[in-house]
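Here is how the chains run, residue by residue.
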Amino acid sequence: MEKEFEKVQKLAGNEDHDHPFYHKVKEILDEGDQETITQEKIGVKLLRIAEYAQEGFILNDFPNSVADAESLEELNGGMNAFVHINMPELFLAQVESAKYECNDWGTVYQREDVIDEETGITQKANYPEDGFCDNCGSIHIRPATDPEAFETALKSYTQRKEELLDFYNYLGLLVDID
């Protein structure tokens, strides 16, 4: 969902995003008021109008709270499942440090394989051999890691994880993978 928020912040006012809705969302996101973002159900509203989400979607950074989760349940009859994959924090940090992103399209790449020897979990490299974005052909692929932001996000997720897992377990939608 963060990518969708960044996209609106970047494109609001452009040809395909020149609508009062996008301008208002950009304003809310620029203020960084998480309470308003949640109350206004910004994430769900963006999913409703996103072409790619019409047939279904996978989210890896949303919901952030039970309020977000409740609003997702209002979208098209709710979620089919909430899959929680428990990964070692060191592995996640290594994946984050190998992350690159196309500045123009937002495609995320892994520069190198990341392997957790203890669990056998592997994140394969998918960086384009020719250095050009697979989606738009851009050469503007840059490191996309921010260790401080990642650490903050991981701590925040750890603090609210149990509440979200309890919510989805109660609904019978939790698939928990260790």
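Residues numbered from 1 in each chain as written. Predicted model: local features only at pLDDT ≥ 70, side-chain atom pairs only at ≥ 80, totals over all residues. Heavy atoms only, no water.

### A look at the overall build of the protein chain
On a plain count of helices and strands, the protein chain comes out with 7 helices and 7 strands. When the helices and strands of the protein chain are read in sequence order from the N terminus, they spell out α-α-α-α-α-β-α-β-β-β-β-β-α-β. Computed over its C-alpha atoms, the radius of gyration of the protein chain comes to 17 Å, within 12% of the 16 Å expected for a compact globule of 178 residues. Expressed as a percentage of the 178 residues in the protein chain, the buried residues total 31%. Summarising the internal contacts of the protein chain: among those between residues at least 6 apart in sequence, 59% fall at separations of at least 24. (Helix = DSSP H or I, 4+ residues; strand = E, 2+ residues; numbered from the N terminus. Rg over C-alpha atoms; globule rule 2.2 N^0.38 Å. Buried < 20%, exposed > 50% of the residue type's maximum accessible area, 1.4 Å probe, protein only. Contact = heavy atoms within 4.5 Å.)

### Considerations on the packing of helix H1 (residues 2–11) against helix H4 (residues 42–49)
The contact between H1 and H4 brings their axes to 10 Å, and the two run at 80 degrees. Taken together, the axis directions place H1 and H4 in an arrangement best described as roughly perpendicular. Contacts between H1 and H4 involve Glu4, Phe5 and Val8 on the former and, on the latter, Ile42, Gly43 and Leu46. In the contact of H1 with H4, the residues fall into 4 nonpolar, 1 polar and 1 charged. (Axes fitted to C-alpha atoms, helices over the stretch in contact; angles between N-to-C directions. Parallel < 35°, antiparallel > 145°, perpendicular 65-115°, else oblique. Nonpolar A, V, L, I, M, F, W, Y, C, P; charged D, E, K, R; others polar.)

### Some details on the environment of Asp134
Relative to the elements of secondary structure, Asp134 occurs in the loop between strand E5 (122–123) and strand E6 (141–143). Put simply, Asp134 and Ala149 are 15 residues apart on the chain and 27 Å apart in space, counted from C-alpha to C-alpha. In this structure, Asp134 is in contact with Tyr109 and Pro128, ignoring residues within four places of it in sequence.

### Here we look at the packing of aromatic side chains
A full pass over the atoms with the stated rule returns 5 aromatic pairs. Here Phe21 and Tyr22 contribute two aromatic rings whose centre-to-centre distance is 5.5 Å and whose plane-to-plane angle is 65 degrees, an arrangement assigned as edge-to-face. Pairing Phe167 with Tyr168 gives two aromatic rings, centres 5.0 Å apart and planes at 85 degrees, and the pair type is edge-to-face. The exposure class of Tyr168 is buried, given its relative accessible area of 0%. The structure contains a cluster of three or more aromatic residues connected by ring pairs, namely Phe82, Phe167 and Tyr168. The positively charged end of Arg111 is found above the aromatic ring belonging to Tyr100, 5.2 Å away from the centroid. Its end group placed over the ring of Tyr127, Arg111 keeps NZ or CZ at 4.1 Å from the ring centre. (Phe/Tyr/Trp six-rings, centres within 6.5 Å; stacked < 30°, edge-to-face > 60°. Lys NZ or Arg CZ within 6 Å of the ring centre and 35° of its normal.)

### Overview of a nonpolar patch on the surface
Taken together, the side chains of Val83, Ile85, Val175 and Ile177 make up a nonpolar region of the molecular surface, amounting to roughly 320 Å² of accessible area. Along the chain, Val175 turns up in strand E7 (residues 174–177). The partly exposed category is assigned to Val175, whose relative accessible area is 36%. (Patch = residues over 30% accessible without salt bridge, like charges linked within 9 Å, V, L, I, M, F, W, Y side chains within 5 Å. Areas by Shrake-Rupley, 256 points an atom, 1.4 Å probe, with all protein chains shown as cover. Salt bridge = Lys/Arg side-chain N within 4 Å of Asp/Glu carboxyl O.)

### Section: the pattern of salt bridges
Working definition: two side chains of opposite charge can pair if their charged atoms are close together. Within this structure, the stated rule accounts for 7 salt bridges. Glu40 serves as the salt-bridge partner of Lys45, at 3.8 Å between the closest nitrogen and oxygen. Between Glu74 and Lys41 there is a salt bridge, with its nearest N and O atoms 2.7 Å apart. A residue pair is termed long-range when its members are at least 10 positions apart, and Glu74 in the loop between helix H5 (66–73) and strand E1 (82–85) and Lys41 in the loop between helix H3 (34–39) and H4 qualify at 33 residues. Overall, Lys41 belongs to the partly exposed group, its relative accessible area being 30%.

### Some remarks on the environment of Ser71
Locating Ser71 in the fold gives a position in helix H5. The exposure class assigned to Ser71 is buried, which follows from its relative accessible area of 4%. Considered as a pair, Ser71 and His17 are 54 residues apart in the sequence and their alpha carbons are 23 Å apart. Those residues in contact with Ser71 that lie beyond four places of it in its chain are Lys41 and Val44.

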